[in-house]
Amino acid sequence: MSHAAPNKNTPFFKEEDFLPFTIPCVDEDVINSAIDCLKSGWIATGPRVQKFETDLCEYLACPHAIAVNSATSGLHLALLACGIGANGDGKKTDEVITTPMTFVSTVNSIIHAGATPVFVDVEPNTYNMDISKIEAAITPHTKAIMPVHFTGMSVDLDLLYEIARKHNLRVIEDAAHAIGSSYKGRKIGSFGDIQVYSFHPCKNMTTAEGGALSVHDAETAKKMRIQRFHGIAKDAWDRYSKDGNQQIDVITPGHKYNMSDLQAAIGIPQLQKLDAMNVQRQKHVARYKKAFESWDEITLPQDATYENFNAFHIYAILINPEKADGMTRDTLMAELKNYNIGTGLHYPAVHLFDYYKKTYGFKRGDFPRAETISDRILSLPLFPQMTEEQQDRVISALSRIFNKPQPSCTSSESR
Ligand SMILES: *Cc1c(COP(=O)(O)O)cnc(C)c1O
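These numbers were taken from a predicted model, which means no experiment stands behind them. (Residues numbered from 1 in each chain as written. Predicted model: local features only at pLDDT ≥ 70, side-chain atom pairs only at ≥ 80, totals over all residues. Heavy atoms only, no water.)

Chemist: Is there a simple way to explain the sheet that holds strand S2 (residues 95–98) in this structure?
Modeler: Pairing between sheet strands relies on hydrogen bonds along the backbone, with the strands arranged either parallel or antiparallel. In space, the 7 strands of this open sheet follow the order S1-S9-S8-S5-S4-S2-S3, with mixed pairing throughout. A single partner strand is all that each edge strand has here, and the edge strands are strand S1 (64–68) and strand S3 (116–119). Direction aside, neighbouring strands of the sheet carry axes that sit 25° apart on average. Alignment of strand S5 (residues 170–174) against strand S8 (residues 194–198), held across 3 bridges, turns out to be parallel. (Pairing = 2+ DSSP bridges. Helix = DSSP H or I, 4+ residues; strand = E, 2+ residues; numbered from the N terminus. Axes fitted to C-alpha atoms, helices over the stretch in contact; angles between N-to-C directions.)

Chemist: Hey, could you run me through the site of the ligand in this one?
Modeler: Neighbouring residues of the ligand: 16 residues in total, closest Thr 72, Asp 174, His 177, Ser 198 and Lys 203. Within the side chain of Ser 198, a nitrogen or oxygen atom sits 2.7 Å from an oxygen atom of the ligand. Protein contacts shield 94% of the accessible area of the ligand, which totals 380 Å² for the unbound molecule. In terms of residue class, the shell around the ligand is built from 5 nonpolar, 9 polar and 2 charged. (Near = heavy atom within 4 Å. Polar contact = N/O pair within 3.5 Å; in protein donor to acceptor, adjacent residues only side chain to side chain. Areas by Shrake-Rupley, 256 points an atom, 1.4 Å probe, with all protein chains shown as cover. Nonpolar A, V, L, I, M, F, W, Y, C, P; charged D, E, K, R; others polar.)

Chemist: In this structure, what is going on with the packing of aromatic side chains? I would like to understand it.
Modeler: One pair of aromatic rings is described through two measures. These are the centre distance and the angle between the planes. Applying the stated rule across the entire model yields 17 aromatic pairs. Seen in terms of ring centroids, Trp 295 and Phe 402 are 5.9 Å apart; in terms of plane orientation they differ by 75°. Their pairing is edge-to-face. Placement of the pair is Trp 295 in the loop between helix H9 (261–292) and strand S10 (298–299) and Phe 402 in the segment after helix H13 (388–401), with a sequence separation of 107 residues. Like Trp 295, the residue Phe 402 is buried in the burial classification. In this structure an aromatic cluster arises from ring pairing among Phe 119, Tyr 355, Tyr 356, Tyr 360, Phe 362 and Phe 367. (Phe/Tyr/Trp six-rings, centres within 6.5 Å; stacked < 30°, edge-to-face > 60°. Buried < 20%, exposed > 50% of the residue type's maximum accessible area, 1.4 Å probe, protein only.)

Chemist: Can you walk me through helix H12 (residues 368–376) in this structure?
Modeler: Owing to its 3.6 residues per turn, the α-helix aligns residues three or four sequence positions apart on the same side. Of the residues making up H12, those classed as buried are Ala 370, Glu 371, Ile 373 and Ser 374. Looking straight down H12, one finds that the buried residues subtend no more than 165° of arc, so they occupy a single side. Against the buried residues of H12 lie strand S12 (315–319), helix H10 (329–338) and strand S13 (377–380). (Arc of directions from axis to C-beta. Contact = heavy atoms within 4.5 Å.)

Chemist: Explain the pairing of S3 to me, please; I cannot follow it from the model alone.
Modeler: Regular strands have side chains that alternate between both faces of the sheet. The pairing of S2 with S3 spans 4 bridges and is classified as parallel. In the strand pairing of S3, Glu 95 is matched with Thr 116. In this fold, the crossover linking S2 to S3 by way of helix H4 (residues 104–112) has right-handed handedness. (Right-handed = clockwise from strand over helix to strand, strands pointing away.)

Chemist: Whenever I open this one, the pairing of strand S4 (residues 142–146) confuses me. Can you help?
Modeler: With respect to burial, S4 is a largely interior element, 4 of its 5 residues being buried. In this sheet, S4 lies alongside S2 in parallel orientation, the contact comprising 4 bridges. Bridged to Ile 97 within S4 is Ile 145. In terms of strand pairing, S4 meets S5 through 2 bridges, oriented parallel. Bridging across to S5, Ile 145 finds its partner in Val 171.

Chemist: How should I be thinking about unusual backbone geometry in this particular structure?
Modeler: With glycine set apart, most residues show a phi of negative sign, and most peptide bonds adopt trans. Between His 346 and Tyr 347 the backbone carries a cis peptide bond, its omega angle lying at 5°. Structurally, the position occupied by Tyr 347 is in the loop between H10 and helix H11 (354–360). With a phi close to 55°, Ala 61 is a non-glycine residue in the positive phi region. In this fold, Ala 61 is placed in the loop between helix H2 (47–60) and S1. Phi at Tyr 127 is positive, roughly 65°, even though this residue is not glycine. As for its position among the elements, Tyr 127 is in the loop between S3 and helix H5 (134–137). For Tyr 127, a relative accessible area of 4% translates into the label buried.

Structural data, given as structure tokens:
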């Protein structure tokens, strides 16, 4: 197969604008809210964080929401609040079962807590952790399961919680991709143990950087609030406001994981627009599906066997080299870059990074499904405010790369 090189005469090629795989969706309301906060005289943790947490509780239908400065901090905080860590004679630490198809921060948080990450391979259709493999990975040291709702596709939570209950394990759902997702008609975060969200600029909603936890028992939530802010058993807002009490006590050497009011000022209007933004994502996903569904060269995101709403944080496809004249993922990414189209790589399987190989002895072959997916996966541009014209550039470029007829909507005649 010859891959036609883009040239400036092709109608979709505009050298000047590189299309990144995502752009945060920030409008005037968000900008004005941030400005109001900056002018208010209070930009650290304060009333806006309190309101953001209340709004999150309402949106997620959960009893406790805790805003933090990143999902990475949130995952660590969750493990600490569950008392998971080294716990032992120094030879055996607690173990947390998770997936290699994730961002490294999921795994690093386990290591920072002093515990040991234990991987199970993923399912072939959703790329989520294969729940049927969890029980074989449980040992007397296992304390928690940390699933990832990959791309926003919920893991099969009924099955997962059944195993967790049977073995008395905590569940910390890495929901960094899944704010707005649901499982069998129930929103992620409205039930279960602990969920952790990311508001990094590339996620479904943003606070510039930031994250939050939804928690379903008061005792765990209380521990998180203390660990979030130096181990102080009182919030700064309580201390410095007019009616506040200056007396504090430190009951544990805590962390500095609090969210600022400036971040919450961005998050409040973002949360109000989240469902509308997720609907836009669905529209783009449907257009990609329509364009590509008859192609053998790529595998599109597949649905689960159970009812769910996938918030589509990313649109991750697989290249099938055996159907595409041996083209690799890296070549496809490079070709798209020649067309000025950015892609994402979510994710290289975590167990094959140098540190984890050296430290835990992981090797290629340990989790074959995750490895195949990791070799073939790439994320196409997807963000709420992406225009049809921008999306057509992606469809057009892929059509050329795979020698497909140009879709009618992007033919030169229509320009
Ligand atoms: C983005 C992401 C994180 C980390 O989020 P931060 O807010 O950047 O710390 C953790 N897990 C997954 C699956 C992610 O995609």
